[in-house]
Amino acid sequence: DGGITQSPKYLFRKEGQNVTLSCEQNLNHDAMYWYRQDPGQGLRLIYYSQIVNDFQKGDIAEGYSVSREKKESFPLTVTSAQKNPTAFYLCASRGRGAGELFFGEGSRLTVL
Amino acid sequence: DAKTTQPPSMDCAEGRAANLPCNHSTISGNEYVYWYRQIHSQGPQYIIHGLKNNETNEMASLIITEDRKSSTLILPHATLRDTAVYYCIVSANTGTASKLTFGTGTRLQVTL
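Please read all numbers here as calculations on a predicted model, not as lab measurements. (Residues numbered from 1 in each chain as written. Chains lettered and ligands numbered in written order. Predicted model: local features only at pLDDT ≥ 70, side-chain atom pairs only at ≥ 80, totals over all residues. Heavy atoms only, no water.)

Engineer: Got a minute to help me understand the interface of chain A and chain B in this structure?
Structural biologist: Size of an interface, as often reported, equals the accessible area lost when the parts are brought together. Contact with chain A, which involves 28 residues of that partner, is made by 25 residues of chain B. Of the roughly 2000 Å² buried where chain A meets chain B, counting both sides, 52% is carbon and sulfur surface. Scanning the region where chain A abuts chain B turns up zero salt bridges. Every element with two or more residues in the side of chain A that touches chain B is listed here: strand E4 (31-37), strand E5 (43-49), strand E9 (87-94) and strand E10 (101-103) of chain A. For the side of chain A that touches chain B, a count of residues per class yields eleven nonpolar, eleven polar and six charged. (Contact = heavy atoms within 4.5 Å. Buried area = accessible area lost by both parts, 1.4 Å probe. Salt bridge = Lys/Arg side-chain N within 4 Å of Asp/Glu carboxyl O. Helix = DSSP H or I, 4+ residues; strand = E, 2+ residues; numbered from the N terminus. Nonpolar A, V, L, I, M, F, W, Y, C, P; charged D, E, K, R; others polar.)

Below, the structure written as structure tokens:
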């Protein structure tokens with residue numbers, strides 16, 4: 001079935017460690033997005049990408065990095081520079097035309 | 001992308017229509033209105049979108065005012081399973097990735 005797969009679903013890390021969240025889609029979508037969600041809050045945009053090897057900062061990019069080496073994949077690295085990394089992270093993709101966003105099930109990161 | 005304004009919360013009795021408003025007074029001519037909903041700890045789910053005409057699908061109806069500065073999502077017969085946070089966003093799709101920004105949404109509580 002077509003869709004977006006995020007992994008891992010739950011992740012625990014020690015403070016100061018970098019961690020990479022995976023996002024893979026088989027929808028043949030060009031655009032991909034990463035959002036962060038804190039408890040009781042809305043979604044905030046971290047990074048987005050239209051094509052391979054191109055990506056743009058969103059509203060809260062500091063302390064995060066991304067790559068887009070393949071159309072299907074858009075991994076997010078939460079670096080040690082991110083001051084408060086514990087959150088729910090959502091990946092999404094979007095096709096051309098008036099396309100809606102398709103979301104993954106999310107990755108919940110807890111930094112101890 | 002234009003910003004949107006939604007009430008933080010609403011209640012609705014089961015079986016009644018839920019009418020969720022959204023203001024998007026700075027919407028541009030080529031921007032669509034999209035609605036999503038998020039049930040606790042899951043990825044948001046697409047509901048419906050429109051440009052200027054009213055739209056209906058199996059989940060909901062979307063009413064867009066003639067000046068396109070506001071819209072209303074209608075769930076015709078709300079059930080307990082419709083309890084969720086509903087997000088309204090506006091976005092163009094010009095073939096390049098749009099900076100899709102979500103606000104804090106409306107928390108809809110459907111009660112018996």
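Engineer: Quick question: what am I supposed to make of the packing of aromatic side chains here?
Structural biologist: Aromatic ring pairs are reported here in terms of the distance separating the ring centres and the angle at which the planes meet. All chains considered together, the criterion is met by 13 aromatic pairs over all chains. An angle of 20° between the planes, with centres 6.3 Å apart, marks the rings of Tyr33 of chain A and Tyr35 of chain A as stacked. The pair formed by Tyr33 of chain A and Tyr35 of chain A is uniform in burial state, with each residue classed as buried. Residue Tyr33 of chain A is classed as buried on the basis of its relative accessible area, which comes to 0%. Three or more aromatic residues joined by ring pairs make a cluster, and in this case those are Tyr33, Tyr35, Tyr48 and Phe103 of chain A together with Tyr32, Tyr34, Tyr36, Tyr46, Tyr87 and Phe102 of chain B. (Phe/Tyr/Trp six-rings, centres within 6.5 Å; stacked < 30°, edge-to-face > 60°. Buried < 20%, exposed > 50% of the residue type's maximum accessible area, 1.4 Å probe, protein only.)

Engineer: How should I be thinking about the sheet that holds strand E8 (residues 84-92) of chain B in this particular structure?
Structural biologist: As a general point, the strands of a sheet are linked pairwise by backbone hydrogen bonds and lie either parallel or antiparallel. Residues and elements named next belong to chain B. With respect to topology, five strands assemble into an open sheet ordered E1-E9-E8-E3-E4, the strand pairing being mixed. In this open sheet, the two edge strands, each paired with only one partner strand, are strand E1 (9-13) and strand E4 (45-50). This sheet shows a mean twist of 25° between the axes of neighbouring strands, independent of strand direction. Two strands pair when backbone bridges link them, and E8 and strand E9 (residues 106-111) are joined in this way by three bridges, in the antiparallel orientation. Directly across from Val85, in E9, lies its bridge partner Arg107. (Pairing = 2+ DSSP bridges. Axes fitted to C-alpha atoms, helices over the stretch in contact; angles between N-to-C directions.)

Engineer: Is there a simple way to think about the sheet that holds strand E7 (residues 64-66) of chain A in this case?
Structural biologist: Residues and elements named next belong to chain A. Sheet architecture is open: four strands sit in the order E1-E3-E8-E7, paired in antiparallel fashion. Pairing within the sheet leaves two strands with one partner each, and these edge strands are strand E1 (4-7) and E7. Looking at each pair of strands side by side, their axes are set apart by 20° on average, direction ignored. Note that E7 and strand E8 (residues 76-78) share three bridges and pair antiparallel. From the neighbouring strand, Ser65 faces E8, where its bridge partner is Thr77.

Engineer: It is not clear to me how the side chain of Asp30 of chain A should be interpreted in this structure. Could you clarify?
Structural biologist: Residues and elements named next belong to chain A. Checked against the element boundaries, Asp30 lands in the loop between strand E3 (19-25) and E4. Here the side chain of Asp30 touches Lys71 through a polar contact of 3.4 Å, side chain to side chain. The contacts of Asp30, once residues within four sequence positions are left out, are Ser49, Gln50, Ile51, Arg68, Lys71, Arg94 and Arg96. (Polar contact = N/O pair within 3.5 Å; in protein donor to acceptor, adjacent residues only side chain to side chain.)

Engineer: It is not clear to me how the state of the cysteines should be interpreted in this structure. Could you clarify?
Structural biologist: Two cysteines form a disulfide when their sulfur atoms are joined by a covalent bond. All names here are of chain A. For the structure on display, the rule yields two disulfides over all chains. Paired through a disulfide, Cys23 and Cys91 show a sulfur-sulfur distance of 1.9 Å. Taking the sign of the S-S torsion, about -75° here, the bridge from Cys23 to Cys91 comes out left-handed. One end of the pair, Cys23, is in strand E3; the other, Cys91, is in strand E9, with 68 residues separating them in the sequence. (Disulfide = S-S within 2.5 Å.)

Engineer: Quick question: what am I supposed to make of unusual backbone geometry here?
Structural biologist: Where the residue is not glycine, phi is negative for most of them; where a peptide bond is considered, it is trans in most cases. In this structure, the amide linkage connecting Ser7 of chain A to the following residue, Pro8 of chain A, adopts the cis form with an omega of -10°. Take Pro8 of chain A: it is sitting in the loop between E1 and strand E2 (10-13). The backbone of Ser41 of chain B shows a phi angle near 65°, a positive value even though the residue is not glycine. Here Ser41 of chain B lies in the loop between strand E3 (31-38) and E4. The exposure class assigned to Ser41 of chain B is partly exposed, which follows from its relative accessible area of 34%. Although it is not a glycine, Arg68 of chain B adopts a positive phi angle of roughly 65°. Residue placement: Arg68 of chain B occurs in the loop between strand E6 (61-64) and strand E7 (70-75).

So yeah, pure geometry; function would need other evidence.
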